[in-house]
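Report on the structure
Residues per chain are reported as follows:
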Amino acid sequence: MARKKLALIGAGQIGGTLAHLIGLKELGDVTLFDVAESMPAGKALDLVESSPVSGFNAAFTGTNDYAGIEGADVVIVTAGIPRKPGMSRDDLLNTNAGVMKAVGESIKRYCPDAFVICITNPLDAMVWVLQQVAGLPAQKVVGMAGVLDSARFRYFLAEEFKVSVEDVTAFVLGGHGDSMVPLVRYSTVAGIPLPDLVKMGWTTKEKLDSIVQRTRDGGAEIVSLLKTGSAFYAPAASAVQMAESYLKDQRRVLPCAAQLTGQYGVSGLYVGVPTVIGAAGVEKIIEIELASDEKAAFDKSVAAVKSLCDAVKL
Ligand code: PYR
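Residues numbered from 1 in each chain as written. Predicted model: local features only at pLDDT ≥ 70, side-chain atom pairs only at ≥ 80, totals over all residues. Heavy atoms only, no water.

1. Side note on the sheet that holds strand E10 (residues 188-189)
Here three strands make up an open sheet; going across it, the order is E7-E10-E11 and the pairing antiparallel. Every interior strand has two partners, whereas the edge strands, strand E7 (168-169) and strand E11 (192-193), have only one. As paired elements, E10 and E11 share two bridges and run antiparallel to each other. Paired with Val-189 across the strands is Ile-192, a residue of E11. (Pairing = 2+ DSSP bridges. Helix = DSSP H or I, 4+ residues; strand = E, 2+ residues; numbered from the N terminus.)

2. Some remarks on the site of the ligand
Every residue close to the ligand is listed here: Arg-89, Asn-121, Leu-148, Arg-152, His-176, Gly-219 and Ala-231. Contact between the ligand and His-176: an oxygen atom at 2.8 Å from a side-chain N or O atom of the residue. Relative to its free-state accessible area of 210 Å², the ligand is covered by the protein chains to the extent of 97%. Given that more than half its atoms are within 2 Å of the pocket grid, the ligand belongs to the largest pocket. Considered class by class, the residues forming the shell around the ligand number two nonpolar, three polar and two charged. (Near = heavy atom within 4 Å. Polar contact = N/O pair within 3.5 Å; in protein donor to acceptor, adjacent residues only side chain to side chain. Areas by Shrake-Rupley, 256 points an atom, 1.4 Å probe, with all protein chains shown as cover. 1 Å grid on protein atoms, 1.4 Å probe; cavity = no way out; pocket = protein on both sides within 12 Å on 5 of 7 lines; lining within 4 Å. Sits in = over half its atoms within 2 Å of the grid points. Nonpolar A, V, L, I, M, F, W, Y, C, P; charged D, E, K, R; others polar.)

3. Quick notes on empty space enclosed by the protein
Summed over all chains, the structure comprises one cavity of 30 Å³ or more. Space inside the largest cavity adds up to approximately 40 Å³. Around the largest cavity sit Ala-145, Gly-146, Asp-149, Val-172, Leu-173, Gly-174, Gly-175, His-176, Met-180 and Gly-272, which together line it. Where the lining of the largest cavity is concerned, the elements lending two or more residues are helix H5 (146-161) and strand E8 (172-173). Partitioned by chemical class, the residues of the lining of the largest cavity number four nonpolar, five polar and one charged. (Points joined across faces, edges and corners; volume = space filled by probe spheres on them.)

And the structure:
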C-alpha cells in the first residue's frame, strides 16, 4: 500500500513538530513548504536523519514551491505570523487572511481532494477564509482548536485532582479566542461530572472557575513565557490526532472548528463544536443541549467569531 502524503504549509515551530510526530507515528510521507529559502529543506533533512535512530520509515521533502504539495492527502496549515506578547489572536487578522488566500489557491490547484486542517490564527476566521478560497467541501476543511483547548483544560484538571490526564475528559465549545466556552457540566474525571466532584469535596467552584479562566488564557500564558512565538508542541499533537483520525478512519469524537449549517442556531460560520472525524472528514457535528448560561456564553463567542469574519478584507 502506497504511503499517504501529508503537506505542511509553514515549516516553523509547529510545522517542524508536526513533521516529527507524523514521522514517529508513521502516518505517511511529509512535504514541508515554507517561503523561507531552503529552511524547509534543512528541516526535512534533519528529520529524515533522525529516522534511523528513532526507527521509523517516512520520506521528508522541503520546498519553497507550492507545486510540492501536489496530490497531498492531508494538508496542515500553520503559515502566517504568530502573536507576540501583549497581542491577541485577533491582531493577526488581515495579515494572515492574505496568507490564507495564497494557501487556499494552492490547495485548490494542487490537492483539491485533501483533508485540510488549519491552525493559523485567528483560527475560526482563518479556516473560514481558507475553505472559501480553496473551494473544498466544508466537511474536508476544519480548524484545530478544540482538541488543544480541551487538552489544556484536561491537564489543569488532572493537576488539580492529582489523577492521570488520561482519566480526565473535557469539553470546550465556541471560538478559539478569549470567549471560548469550557463546559464544566460536560467535563469529567472517569465519567464523574465536575459539578459532582465539587459536591464530593474534591475541589471548589472558585477553583474550577480559575481553571476555566486559565484554559481561556492558555495560549497567551505560553506566549508570555516564550516571549518569541506561540505554543507549538500541544498544537502540533492536537492536529496530528485529527489527521490520524481521518487517515485511519478512526471516527474519533474530537472538538474542532467546523462549518455550521444551522446547528446551535448558526449558519455559515466556523465555530468549535464536537465532531466525528473519519474517512469522509467531518462526518457528524454533535449538537448537545446547552443550559441558558452556556448558550449565552456560546452565542457571545459566536458573535466574536462573526465580527472577525466581517472584518476580513481580502
Ligand atoms: C494557542 O496556543 O492557543 C494557539 O492558538 C497556537
